[in-house]
Amino acid sequence: MKEFYENNGWSLVYSHTLPAQQGTTISSDDLDLSSTVLQYLKKRYVEGLYVHQHTAIHAAVVKQQHTCMTTGTASGKTLPFMVAAMNLIVNNPHSKILALYPMKALGYEQARRWQEILNESRIQATVGRIDGDVATAIRPRILSQNHVIVATPDVIHAWLLTNLDNKNVRNFVRQLQLVIVDEVHTYTGVFGSNSAYLFRRLHHANSLLGGSYRYLAASATMSKPNDHLFKLFGVPFEVIAEDSSPKHNTKIEMTVPPTGDFLTHVVEILTHLSKGPDRFIAFVDSRKQTEQIATIMARIGRGTDDEPGRLDTLNVLPYRAGYEEQDRILIQERLTKGDLTGIVSTSALELGLDIQGLTAAVLVGVPNSATSFQQRIGRIGRAGPGQVIVIKAGSVLDEVVFRHPASLFSRPLTEGALYLENRRIQYIHALCLGRQGGEHDMVVGMVGDDEIALDGSVDWPTGFSEVVHDERTGAIPVEFQTMKEQAGEQPNRTYALRDVDLQFSVVSHQGTAPQRLGSLSYGQVLREAYPGAVYYYATSPFRIVRVDTVKRQISARPEKHYTTSPTGLPTQIYPNLSEGNVHQGARHHDLLIVECNLQIHNSVVGFTDRRGPTETHYAYPLPVGGNIMFRSPRFYRYYFSSGVVLTHPSFGQLDAPKLESLASLLYEGFLITIPFERQDVGYGSGRHRREANSISVNDRFIALFDQIYGSLRLTSRIMEESILMQSIENSLCILDSDVDEVYPYELRDILEILRNNSQDPRKRYSPQPRGTMLIPPEQEMKRVIAPNSTGLAVHKANQEVIVERIFLHPLKGLAYTVKYPNDPPNNLNPADVIWSVDEIAPIEGVTEFAYYDMNTGAVLPK
């Protein structure tokens, strides 16, 4: 690579070699396993097992302990899974094993590996797979006919536990003796918190049916694994962390590309690798970049811009979430066969998919955590000496790490963020488990008891039993009543484990049959598939011609290889400091820090279209008569979350762009301190629009917030004094590295004011009573949104509406007649729509209020 760097203007700023490691093996003779399994191990593993494999098998099979391996990628963690399962099947042919993988893609590949190894061992056992792609009608038969069931947690939640009155399902749950959970480090945030309750609900059903099982898990290296495992499963684990597998030396080079178009230079280095003997994997941090890089390489390989690429012929393929099943399977099969030169992927391939013969990895940008870094380079150096190239991509984290290159190897490990006391999550699982006719009643075969004795062999989070009791007895708090109404008798299907943003499907209607082009979240639509965008799917470009936010459908047509970028407005944040919406607060001298509920507003007002060197800017609304149907001044979304709002007098010295820069800087410092996923946390700034105790109208603030709809209070960590101070220190370090002066110089003075406050014992950090930050309570009348003021239609994807009149409806009660200012009337948005007052949410600090006299019908000014 040295010659490539010199000839193409790249700078090599740091090089480090991870030393080779000799594998350490041990005989399997002393393991108390069946003779059939021991014979297989002796024949297949002549030189013995790696020590960590032996230790895990001994702990899980011989000592009968819940066990988790946290050794490196490609270190052979699958073997203990197989051995534990084979030993169970030989000793008890009626036993069942459930192997859970967090992605359908991983489960599809692992089901094949399970069957291959069982066949190789000559043990008479079969493997079945159940996920969202398997028809529900055949699932009970799959459970009854197979010993090992490979599944996703999602299908256990949405299907298996809703069918406990089915004989085959009940027998399967009763006969469960081993639950295997791979990639445990991915069970964090929304998905992890929901899964923690899922595991307990499965354990509860198994216990009621007279069964008992143990867990065998695997994870990447993560911070405090024992704590995370106990919170996730509710039982203690033995953790095996020492990796005894062999590795060749791996050379890691940190490089800076020349000036010019960044993606062009990334493609240059990947093209160079593809012409040599190396097989590479390149990691980028966005779906859009994945498609762009793979598309450019496909066009270089074909020598033309016009021919569409085919996934079965290209030598370098993209990989990301959101592909249709047939495309995902095709890419995976080519990965497994080893007939690809390279793969360009998001973090999706950090998981344990089998990729043959990799010798090089290219990291476009510094990974957010040591866990991610280790996962991305873990496959390199297994088959032979490897190389890893880290490209400076221009992020703030890149600037900091490239200034101190050795810090790449001391980044913090991923923290398992599980919010088990979150009341919304608790109520979802109380509905699933404890409602009349729910999972508990299906198992015991009766309905009506007010009390449920939760399984005592696992630890249930604080407050959950009380929530179950309230649901069971009908004493449902007001905050949960809408959730119960929405769930009906299907809470498992209404509330998905991942609780992700609204999902949109993309379809091209060109040709004889519609072509499905994957799915996107609302946030991804704003970045990749807004009206007029060029959206790439498996290296093929499509122009977005219509976005239906109500039906969550996107229409596209084939396009040439152009690119687009959205023109967005700064994120607007509306703190809600009214009673019941403030979680906690603290004062740090003049700095007031409040964690509260927020309304977040993102909007796109146009886009830039690039055709070669030519750029054309388009502003919404788009012209009437064009091919793209969008006549509104902005494409937007509102969503509700929580976050931490910081208010300080010095913020008033900054104009809006500089205040936004300060928020960005603290955001970067916070993510260096706590390496959450960037897509889970956002930042912004603004002014307070309503007076509260200690806050005046127009006081400036900055905020960090959860970008997950409904929130899991991830950003609450910055309320901790040590985390806040470390985040400020990291922000100052970023300024030290800011040689290009990206950030205004005034920000240093403000950050130093905040830091110095902590060093003065007279200005200590002190928690504040919640009442000291609340907006004064309203007077005793029915508060409503005033006529001609704006609100959000919560059941129409939070579209903006203007209230026209307020009246008593015979069915809905107090209600509004509204109109839609940003969407022309059509069959989806009639000119007048009636909503109850609970179905139109105010925009905090923007909406104007009035009072409705329930006796006279008069609307009185506030």
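Residues numbered from 1 in each chain as written. Predicted model: local features only at pLDDT ≥ 70, side-chain atom pairs only at ≥ 80, totals over all residues. Heavy atoms only, no water.

So, the overall build of the protein
Under the convention used in this document: A run of H or I in DSSP counts as a helix once it spans at least four residues, and a run of E counts as a strand once it spans at least two, with each numbered from the N terminus. Should any heavy atoms of two residues lie within 4.5 Å, those residues are considered in contact. Surface exposure here means Shrake-Rupley accessible area, sampled with a 1.4 Å probe, where a residue is shielded only by the protein chains that are shown. Working convention for charge: Lys and Arg count positive, Asp and Glu count negative, and His plus the chain ends are omitted. Where a charge lies is defined by one atom per residue type: Lys uses NZ, Arg uses CZ, Asp uses CG and Glu uses CD.
Regarding its fold elements, the protein presents 24 helices and 38 strands. Viewed in the frame of its principal axes, the protein has a C-alpha envelope of about 85 × 75 × 70 Å. Within the protein, contacts between residues separated by at least 24 positions form 71% of all contacts whose residues are at least 6 apart in sequence. Accessible surface computed for the protein: about 35,200 Å², of which carbon and sulfur atoms make up 49%. Averaging the locations of the 83 positively and 93 negatively charged side chains of the protein gives two centres separated by 4 Å.

So, the environment of Gly463
To keep it simple, the criterion reads: When a residue's accessible area, from a 1.4 Å probe over protein chains only, is under 20% of the maximum for its type it is buried; when over 50% it is exposed; and in between it is partly exposed.
Following the sequence through the fold, Gly463 ends up in the loop between helix H17 (439–444) and helix H18 (464–473). Take Gly463: its relative accessible area is 25%, and that puts it in the partly exposed class. Distance from Gly463 to Asn422, taken between C-alpha atoms, is 9.5 Å for residues 41 residues apart in sequence.

Quick look at the packing of helix H22 (residues 656–673) against helix H23 (residues 721–736)
What counts is decided by this rule: Axes here mean lines fitted to C-alpha atoms, for a helix over just the part in contact, with angles spanning 0 to 180 degrees between N-to-C directions. An angle below 35 degrees is read as roughly parallel, one above 145 as roughly antiparallel, one from 65 to 115 as roughly perpendicular, and any other as oblique. Note on convention: near helix rotated counterclockwise from far helix by under a right angle means a left-handed crossing. Clockwise means right-handed. Note on residue classes: Ala, Val, Leu, Ile, Met, Phe, Trp, Tyr, Cys and Pro are nonpolar, Asp, Glu, Lys and Arg are charged, and everything else, Gly too, is polar.
Contact geometry for H22 and H23: axes closest at 7 Å, N-to-C directions at 115°. With respect to each other, H22 and H23 are oriented roughly perpendicular. Between H22 and H23 lies a crossing of right-handed hand. Within the contact between the two elements, H22 uses Leu665, Leu666, Glu668, Gly669, Phe670, Ile672 and Thr673 and H23 uses Ile723, Gln726, Ser727, Ile728, Asn730, Ser731, Ile734 and Leu735. Looking at the contact of H22 with H23 residue by residue, the class counts come to 8 nonpolar, 6 polar and 1 charged.

Concerning the sheet that holds strand E1 (residues 11–18)
As a reminder of what qualifies: Any two strands with at least two DSSP-identified bridges between them are counted as paired.
As summarised here, the arrangement of the 7 strands in space is E1-E11-E16-E15-E12-E14-E13, forming an open sheet in which the pairing is mixed. One side of each edge strand has no neighbouring strand; the edge strands of this open sheet are E1 and strand E13 (316–319). With direction set aside, neighbouring strand axes in the sheet form an average angle of 15°. As defined by bridge partners, strand E12 (residues 280–283) adjoins strand E15 (residues 360–364) across 4 bridges and the pair is classed as parallel. Looking at the pairing, Phe280 lines up with Ala360 of E15. On the sheet, helix H14 (residues 370–377) packs against E1, strand E11 (250–256), E12, E15 and strand E16 (386–391) and is oriented at approximately 145° with respect to E15.

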